[in-house]
Amino acid sequence: MARVKTTFKLDFTKMLNKLVDKRTASTLGNGIVRKMKEHMNKGLSPVRKFGRFVKYKESYRKQIKGGLSRGKTISPVNLKLSGDMQDALDWERKSDGTVKVGIFNTRRDIVQRAETHNDGTHPHVPQRKFIPDKEGEEFSVTIQRFIKTVYESRLRDIIKRSNRP
Amino acid sequence: MSKTIQSKATGRSIFSVVDIFEEKKVSGEAKRKALNEAKDFLFEQTLEAVGSISSPVSGGKYKKTLNKEYRAKKVSEGGRGVPNLELEGDMLNAFQAKIQGSNIKLGILGNSKEAKKADGHNNFSGKSKIPTRQFLPQKGQSYKSPIEKELARIVDDAVADSVDITKSDLRDIFSKTALLAFLGEKLPDLTPSERKGSILRNKKVSEFFEDLGLLKWLE
């Protein structure tokens, strides 16, 4: 099944198996998805250097003003109409210590919509990147700093426990 | 703590220039890394704050409600009925952050129309007649404490990342005292606590430490 995802290694140290326990993976996975949605709901790409999402076209803005969907506004551009694509953002811990984040294990039409936005593959829909899935792309600095903070906290915890007599 | 060393509104621009190094001596690769990361971080945090209807600036004013008439007008034109500083989004789309020498410049640059709107909210000119909703720091101001805390860590991590620490440097370290002294020599501009944090957040270096059994002394 097609997916729009990114997988990054939590191989912070070789204490890996201890470092990325279920709880830490959950803190990271849930936190990253939450922060991605926070960015997106403010019109900001969760992918570093992609900035704010491109404005909606005039014709789409007219539809929104005409009541396309309750609560939908012309800005910020948030890639949200029904909310099902955002709701499909998910994470998964793998046995090798990596964490997968993206849109997977869901309806094909949602994946296709995500790919359209993320890659800009449709002639009438500009790219609005929200998952760093290409070589060289990375999460926003805000999200990366969150990841580092969780790592540091977990590493301190492991060191403390291993120093206990 | 970062420090805003300049803030200005001209006909075409409104901007703040921020020094993130708080008198720490940072140069070369470390400086370049820190500036790049901090620039993008401040860009994101400014837009995050505005989207949350608040100022990113410590002590910054931000009126959290719209007047009734304007609120109704904004909603009828397709906008949100909150002061998120966007209707069409053009002003925030024009917001940018760039590196200027050893500092970071944030604002609306070379765009009279959007700079005028931004000055309306920030009132650098002193001529604004609309409620203040500050998203750029004025000269002498700093950012809110969570932002400042992370900026300091960005600088510390860039410094630690740029220091050349190899396994062979660490092979003759056999005590906590010796380790802390070694780190003090390698990272003289950081406090002991800052050194520890930046090492723990550094993948390459913490792996060396772990391989040589030294991580335990970073508690």
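Calculation rules
- Residues numbered from 1 in each chain as written.
- Chains lettered and ligands numbered in written order.
- Predicted model: local features only at pLDDT ≥ 70, side-chain atom pairs only at ≥ 80, totals over all residues.
- Heavy atoms only, no water.
- Salt bridge = Lys/Arg side-chain N within 4 Å of Asp/Glu carboxyl O.
- Helix = DSSP H or I, 4+ residues; strand = E, 2+ residues; numbered from the N terminus.
- Buried < 20%, exposed > 50% of the residue type's maximum accessible area, 1.4 Å probe, protein only.
- Contact = heavy atoms within 4.5 Å.
- Buried area = accessible area lost by both parts, 1.4 Å probe.

What to know about the pattern of salt bridges
Side-chain pairs of opposite charge can arise whenever the charged atoms involved come near each other.
Working step 1: Here the structure, examined in full by the defined rule, presents 38 salt bridges over all chains.
Working step 2: One salt bridge connects A:Arg52 with B:Glu86, and the closest N-O pair in it is separated by 2.9 Å. Pair noted here: A:Arg52 is in the loop between helix 2 (22-41) and helix 3 (58-65) and B:Glu86 is in the loop between helix 2 (68-76) and helix 3 (90-94), and the two residues belong to different chains.
Working step 3: Residue A:Arg52 is classed as buried on the basis of its relative accessible area, which comes to 15%.
Working step 4: Salt-bridge contacts for B:Glu114 lead to B:Lys117; the nearest nitrogen and oxygen are separated by 2.8 Å.

Description of helix 9 (residues 203-211) of chain B
Residue and element names in this part refer to chain B.
Working step 1: Those residues of helix 9 not exposed but buried are Val205, Ser206, Glu207, Phe208, Phe209 and Glu210.
Working step 2: On the buried face of helix 9, the contacting elements are helix 6 (167-170), helix 7 (176-186) and helix 8 (192-200).
Working step 3: In the stretch just after helix 9, glycine 213 is the one whose phi turns positive, near 70°.

Remarks on the interface of chain B and chain A
Working step 1: Each partner contributes residues to the interface: chain B has 41 residues there, and chain A has 33 residues.
Working step 2: Taking both partners together, chain B and chain A bury about 3500 Å²; carbon and sulfur atoms supply 48% of that area.
Working step 3: Three residues stand out in chain B for area buried against chain A, namely B:Glu48, B:Leu200 and B:Arg201, and they jointly supply 17% of the buried area on that side.
Working step 4: Run the count over chain B and chain A and you get 12 salt bridges.

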